[in-house]
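Structural overview for review
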Amino acid sequence: MSIICAKVAWLPLILGTAVGFFTTFYLVQILLERNSQPPLVIRSWKNTELLPEVGMPHFHLPEDGSVSEELSKKVRVLCWIMTGPSNLQTKTIHVKNSWTRHCNVALFMSSITDNQFPTTGLGTGEGRDKLYWKTIRAFHYVHKYYLNETEWFFKADDDTFVIMDNLRWMLSNYTPDQPIYFGKRFKPYIKQGYMSGGAGYVLSREALIRFVEGFRTGVCTHTTSTEDVAIGNCMQLVGVIAGDSRDTEKRETFHPFPPEHHMTMRFRESKSFWYWSYCVYPIVEGPQCCSDLAISFHYIDPEDMYALEYFTYHLRAYGYQYRYQPPLPENADNLPVYIQNETVKPNRTLSDFLEPPME
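Residues numbered from 1 in each chain as written. Predicted model: local features only at pLDDT ≥ 70, side-chain atom pairs only at ≥ 80, totals over all residues. Heavy atoms only, no water.

**Details of the overall build of the protein chain**
Worth spelling out the cut-off: What counts as a helix is a DSSP run of H or I of at least four residues, what counts as a strand is a run of E of at least two, and both are numbered from the N terminus. The rule is simple: take the accessible area with a 1.4 Å probe, protein chains only, and divide by the maximum for that residue type; under 20% is buried, over 50% is exposed, in between is partly exposed. Any two residues whose heavy atoms approach within 4.5 Å are treated as being in contact. The protein chains shown are the only cover counted for residues, whose accessible areas, like all others here, come from Shrake-Rupley with a 1.4 Å probe.
A tally of regular secondary structure across the protein chain gives 10 helices and 16 strands. Counting the 359 residues in the protein chain, one finds 48% classified as buried. If you take every contact in the protein chain between residues at least 6 apart in sequence, the share linking residues at least 24 apart comes to 74%. Accessible surface for the protein chain amounts to roughly 18900 Å². Of this, 57% is attributable to carbon and sulfur atoms.

**Here we look at the pattern of salt bridges**
Here is the rule: Every case where a carboxyl oxygen of Asp or Glu lies within 4 Å of a side-chain nitrogen of Lys or Arg is listed as a salt bridge.
Taken as a whole, this structure holds 13 salt bridges when the rule is applied. Between R205 and E151 there is a salt bridge, and its shortest N-O distance comes to 3.4 Å. Placement of R205 in helix α6 (residues 205–217) and of E151 in the loop between α4 (131–146) and β7 (152–157) is noted, with a sequence separation of 54 residues between them. Judged by its relative accessible area of 1%, E151 falls in the buried class. The partner of E213 in a salt bridge is R216, and the shortest N-O contact between them spans 2.5 Å. With a gap of 3 residues between them, E213 and R216 both fall in helix α6, about one helical turn apart. Using a relative accessible area of 34% as the deciding quantity, one classes E213 as partly exposed.

**Description of α6**
As a reminder, the rule being used: To estimate how far a helix should reach, multiply one less than its number of residues by 1.5 Å.
Taking 1.5 Å per residue, 13 residues should reach 18 Å; α6 reaches 18 Å between its end C-alpha atoms and fits that length. Every buried residue of α6 is listed here: R205, A207, L208, F211, V212, G214 and F215. Of the surrounding elements, those touching the buried residues of α6 are α4, β7, β9 (180–183), β12 (201–204) and α7 (227–237). Phi for G218, located one or two positions after α6, is positive at around 90°.

**Some details on a nonpolar patch on the surface**
The cut-off we apply is this: Nonpolar side chains (Val, Leu, Ile, Met, Phe, Trp, Tyr) within 5 Å and like charges within 9 Å form the patches, drawn only from residues with over 30% relative accessible area and no salt bridge.
Residues Y310, F311 and L315 make up a contiguous nonpolar surface patch of roughly 300 Å² in combined accessible area. Secondary-structure assignment places L315 in the loop between α10 (302–313) and β15 (337–339).

**So, the state of the cysteines**
Worth spelling out the cut-off: By definition, disulfides here are pairs of cysteine sulfur atoms that lie within 2.5 Å.
Enumeration over the complete set of coordinates arrives at 3 disulfides. Through a disulfide, C79 is tied to C103; the S-S separation comes to 2.1 Å. Between C79 and C103 the disulfide shows an S-S torsion of about -95°. By sign, it is left-handed. Here the residue C79 occupies a position in strand β4 (residues 77–82), and C103 occupies one in the loop between α3 (88–96) and β5 (105–110), the gap between them amounting to 24 residues. Its relative accessible area of 0% is what places C79 among the buried residues. Residue pairing for C220: its cysteine sulfur links by disulfide to C234, the two sulfurs lying 2.1 Å apart. Handedness of the C220-C234 disulfide follows from its S-S torsion of about 95°: it is right-handed. Here C220 is found in the loop between α6 and α7, whereas its partner C234 is found in helix α7, with 14 residues between them in sequence. The connectivity of the disulfide-linked cysteines in the protein chain, indexed sequentially, is 1-2, 3-4, 5-6.

**Some details on the packing of aromatic side chains**
The description of an aromatic ring pair rests on the distance of the ring centres and on the angle between the ring planes. How we decide: Here a pair means two rings of Phe, Tyr or Trp (six-membered ring of Trp) with centres within 6.5 Å. Their orientation is stacked below 30 degrees between planes, edge-to-face above 60, and tilted elsewhere.
Summed over all chains, the structure comprises 25 aromatic pairs. On the basis of an interplanar angle of 75° and a centroid distance of 6.3 Å, the ring pair of Y189 and Y278 is categorised as edge-to-face. Separated by 89 residues along the polypeptide, Y189 in the loop between β10 (185–186) and β11 (194–195) and Y278 in helix α9 (residues 275–278) bring together distant segments of the chain. Take Y189: its relative accessible area is 62%, and that puts it in the exposed class. Take Y278: its relative accessible area is 18%, and that puts it in the buried class. Where W274 meets Y278, the ring centres are 5.0 Å apart and the plane angle is 80°; that geometry is what we call edge-to-face.

**Re the confidence of the model for the protein chain**
Our working definition: On a range of 0 to 100, pLDDT expresses the predictor's confidence in each residue.
Chain-level statistics for the protein chain give a pLDDT mean of 82 and a share of 76% at 70 or above. Low pLDDT (under 50) marks residues 2–8, which in the prediction has 0 contacts with non-local residues, meaning those over four places away or in another chain. Here residues 47–51 is modelled with pLDDT under 50, and outside its nearest four sequence neighbours on either side it reaches 16 contacts, counting other chains as well.

**Description of the side chain of T150**
Where we set the bar: Whenever two N or O atoms come within 3.5 Å, that pair is a polar contact, provided that in protein one can donate a hydrogen and the other can accept it, and provided that, for residues adjacent in sequence, both atoms are side-chain atoms.
By secondary structure assignment, the location of T150 is in the loop between α4 and β7. Residue T150 is classed as buried on the basis of its relative accessible area of 1%. For T150, the side chain forms a polar contact with the main-chain oxygen of W152, separated by 3.5 Å. Ignoring sequence-local partners within four residues, the contact set of T150 consists of R76, V77, L78, N104, V105 and R205.

Written out as structure tokens, the structure is:
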């Protein structure tokens, strides 16, 4: 009897020790996983129903987004947003709560670190003369921490609105090992042209590697504070191609102004306006100005971020069949699928997710 009582007395101690061991093991694993990634990153949270900072409900009604979801696993995009401390609560918070939720990874780059927002501090100071230094250090940062986590690296300002699903469609015609970058292509100063900084531009993984290597070898240097011209010059020096981002109807997808500027005759009012001499491709005003699969618009007011998000993902005309439904590029079916940093070849192709054509 005494032996049985002794065993029973030891039982709580054994159970407590076991529970403590496994709890400690679990917590250590969590800490290790957290420390395996650099801080201040925001990963895709587009289906979150509550925006944490403002308590604003934001969700998508049930719909078939299978093609977009599958493409987001094949064409992973890191977005980094150029911002500053004084803009966080007036501009950048609205970028954070709208389109950046659709990025695979979102980073907010500032001159100083703010763990609450969060922003990554680049130690550059503020002002237009610091824009290229911010760009250089930001791309070096994502090269160091995220080179193998995404295939494409997109830079945008804190007053740019972006439709990520359309960007992925355009990029699915290419592979990240191609030395190429895309945006709104301007032609002065650089032989192959360069991409407008305000409209945003996206580098392939190979382009990012060459950019960083260019600074390591001294091929690229900080020659001017004009960010978009400077990066265009470096891209040309390291053999990165300035790509054509227009859709299959030759309509522009990246736009350096708000939608209403491109859709009206505002540019026609003054032929001396710099935009006429900067564009590589012919300027079209009116309804045909912009692709139905437009990617970006610049100079967007903070409250208009939510309006454009609504127009993009919610507003529909009942009974209307979209007139422009380009197919996915054939290359999209050949791209690998990435799930939790693992690369797998899909049993199904993206074409399997498309509805059959209407007769």
